[in-house]
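# A look at the structure
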Amino acid sequence: MTVIETRSIADQPRYDCRDAYVETLAELAEADHRIVGVVNDSVGSSKLNSFRKAFPDRLINVGIAEQDMVGVASGLANGGRIPFVSAASCFLTGRALEQIKADVAYSNTNVKLCGMSPGVAYGELGPTHHSVEDIAWLRAIAGMTIIVPADPVETAAALRWAAGSEGPVFIRVSRMSVPKIYPDGYEFRLGKAVTVRDGDDVTLISNGTVLWRAVAAAERLAEEGISARVVSMPTVQPLDTEAVIAAARETAGIVTAEEAVVGGGLGGAVAETVVRHHPTRVEILGFPEFAPTGSAAYLLDRYGLSADGIADAARRLL
């Protein structure tokens, strides 16, 4: 694991990871003619207008037909293409789950699924548009790699890794603006956690849009003399079990914080690892119910996924 120093995270500029997504996808497509995009009438929300202009014959829009979208992508992959499927995560994983299971994972097809605007990014549109179950659904499918990048640098790095890998991959692409955590040149490593901040009292394990909030929580805890280790876990499947076991052994407990349901996601994966290898106290932060309509910031605060909420969970463990 690599230690990356991060200071005053809340004061840093914010970025939309979709910008990194489309820039990187265009770079990859320029270098490899096999790369194509497949969308469900989501060109604008995926910010793929520039990609469509640069590669008009390599962006397939199937309309609002998510099951067809995944099936078409599987066919393209079987024909030697490398399809990047781009759609709102709630609809991609909910409506096309059978196709993801059978056509992509079971068939071990080289399809890259990009869940756009996941979590509660569409907060004001309510529970139908919240995508907090996607990680739990996909984690139950064998052979599905699941990546939840935390910032634009990691988003780009994960896409580059996915383009060069074989087999099914799901990548969450955040809509909510986040500060940069990783330096330019960061290299994504499948199944490897990154220690963003060292600590020996308690461990905070997070990813995606919540990771920077975990860093901010650690900064606040440090002011009280509490040393919190912050572990970024970009790969939910396969999980870095060694990093989890080390946290269980070396600190008093683990707090997991994610923009997802409390059952079956990152928290579930960490808890399963701990109970099998080194039991310790674990507190899982996420969404325990159908979250109501409201802004993303309001919903994260409501369910303890703010810096204050994560810090409170760490204090409870201690």
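Residues numbered from 1 in each chain as written. Predicted model: local features only at pLDDT ≥ 70, side-chain atom pairs only at ≥ 80, totals over all residues. Heavy atoms only, no water.

### Focus on helix α5 (residues 97-106)
Burial in α5 covers these residues: Q99, I100, V104 and A105. Burial along α5 is one-sided: seen end-on, the buried residues are contained in an arc of 145°. Away from its buried face by more than 90 degrees, α5 exposes E98, K101 and Y106. Tucked inside the fold, the buried residues of α5 contact α3 (66-78), α4 (89-95), β5 (112-116) and α6 (134-139). Downstream of α5 by one or two residues, N108 has phi in the positive range, about 50°. (Buried < 20%, exposed > 50% of the residue type's maximum accessible area, 1.4 Å probe, protein only. Helix = DSSP H or I, 4+ residues; strand = E, 2+ residues; numbered from the N terminus. Arc of directions from axis to C-beta. Contact = heavy atoms within 4.5 Å.)

### Examining the environment of L299
Looking at the secondary structure, you find L299 in helix α11 (residues 296-302). Spatially, the C-alpha atom of L299 lies 12 Å from that of V132, the residues being 167 residues apart in sequence. Beyond its immediate sequence surroundings of up to four residues, L299 is in contact with V120, G123, H130, F287, A291, P292 and G294.

### What about helix α1 (residues 17-31)?
Between its first and last C-alpha, α1 extends 21 Å over 15 residues, near the 21 Å set by a 1.5 Å rise per residue. Listed in full, the buried residues belonging to α1 are C17, R18, A20, Y21, V22, T24, L25, L28 and A29. (Expected span 1.5 Å × (residues − 1).)

### Structural notes on the sheet that holds strand β3 (residues 59-61)
Spatially, the seven strands line up as an open sheet ordered β3-β2-β4-β5-β7-β6-β12, and their pairing is mixed. Each end of this open sheet is capped by a strand with a single partner; those strands are β3 and β12 (235-237). When the angles between neighbouring strand axes are averaged without regard to direction, this sheet yields 20°. Of the strand pairs in this sheet, strand β4 (residues 82-88) and β5 are connected by five bridges, and their pairing is parallel. Paired with V85 across the two strands is L113, which belongs to β5. (Pairing = 2+ DSSP bridges. Axes fitted to C-alpha atoms, helices over the stretch in contact; angles between N-to-C directions.)

### Digging into the packing of aromatic side chains
Scanning all chains against the criterion turns up four aromatic pairs. Where F51 meets F55, the ring centres are 5.0 Å apart and the plane angle is 45°; that geometry is what we call tilted. Considered together, F51 and F55 belong to a single accessibility category, that of buried residues. Measuring from centroid to centroid gives 4.1 Å for Y182 and Y186, while their planes differ by 20°, and the two rings are stacked. A single burial state applies to Y182 and to Y186, both of which are buried. Sitting over the ring of W212, R14 keeps its end group 4.4 Å from the ring centre. Directly above the aromatic system of F91 lies the positively charged group of R95, at a separation of 4.2 Å from the ring centroid. (Phe/Tyr/Trp six-rings, centres within 6.5 Å; stacked < 30°, edge-to-face > 60°. Lys NZ or Arg CZ within 6 Å of the ring centre and 35° of its normal.)

### Quick look at the pattern of salt bridges
Scanning all chains against the criterion turns up 13 salt bridges. A salt bridge links K47 to D19; its shortest N-O distance comes to 3.0 Å. With K47 in the loop between β2 (35-39) and α2 (49-54) and D19 in helix α1, this pair connects stretches of sequence that are 28 residues apart. A relative accessible area of 30% means that D19 is categorised as partly exposed. Each of D16, R18, D19 and K47 takes part in a single network of salt bridges with overlapping partners. (Salt bridge = Lys/Arg side-chain N within 4 Å of Asp/Glu carboxyl O.)

### Description of the packing of α1 against helix α7 (residues 152-164)
Packing of α1 against α7 leaves a shortest axis separation of 8 Å and a crossing angle of 30°. Crossing of α1 over α7 shows right-handed handedness. Counting all contacts with α1, which are made through C17, A20, Y21, T24, E27 and L28, the residues of α7 involved are P152, T155, A156, L159, R160 and A163. Residue classes in the contact of α1 with α7 are distributed as eight nonpolar, two polar and two charged. (Left-handed = near helix turned anticlockwise from the far one by under 90°. Nonpolar A, V, L, I, M, F, W, Y, C, P; charged D, E, K, R; others polar.)

### Structural notes on the nonpolar core
Counting residues in each nonpolar core, the largest one holds 72 residues, and the members touching the most others are Y21, L48, F84, Y182, L204 and F287. Here the element with the most residues in this core is helix α8 (residues 211-223); it accounts for eight residues. If we ignore the near neighbours within four places in the chain, the residues touching L48 are Y21, V22, L25, V39, V43, L59 and S86. Listed in part, the 22 residues of the second largest apolar core include V38, V85, L92 and F170. (Core = buried A, V, L, I, M, F, W, Y, C linked by side-chain atoms within 4.5 Å.)

### Regarding the pairing of strand β7 (residues 169-173)
In terms of burial, β7 is largely enclosed, as five of its five residues are buried. Judged by which residues are buried, β7 turns out to be covered on both faces: V169, I171 and V173 on one side and F170 and R172 on the other are all buried. Relative to β7, β5 is paired through five bridges, and the arrangement is parallel. Bridge assignment links K112 to a residue of β7, and that residue is V169. The pairing of strand β6 (residues 145-147) with β7 spans three bridges and is parallel. In the sheet register, I147 faces β7, and the bridge partner there is I171.

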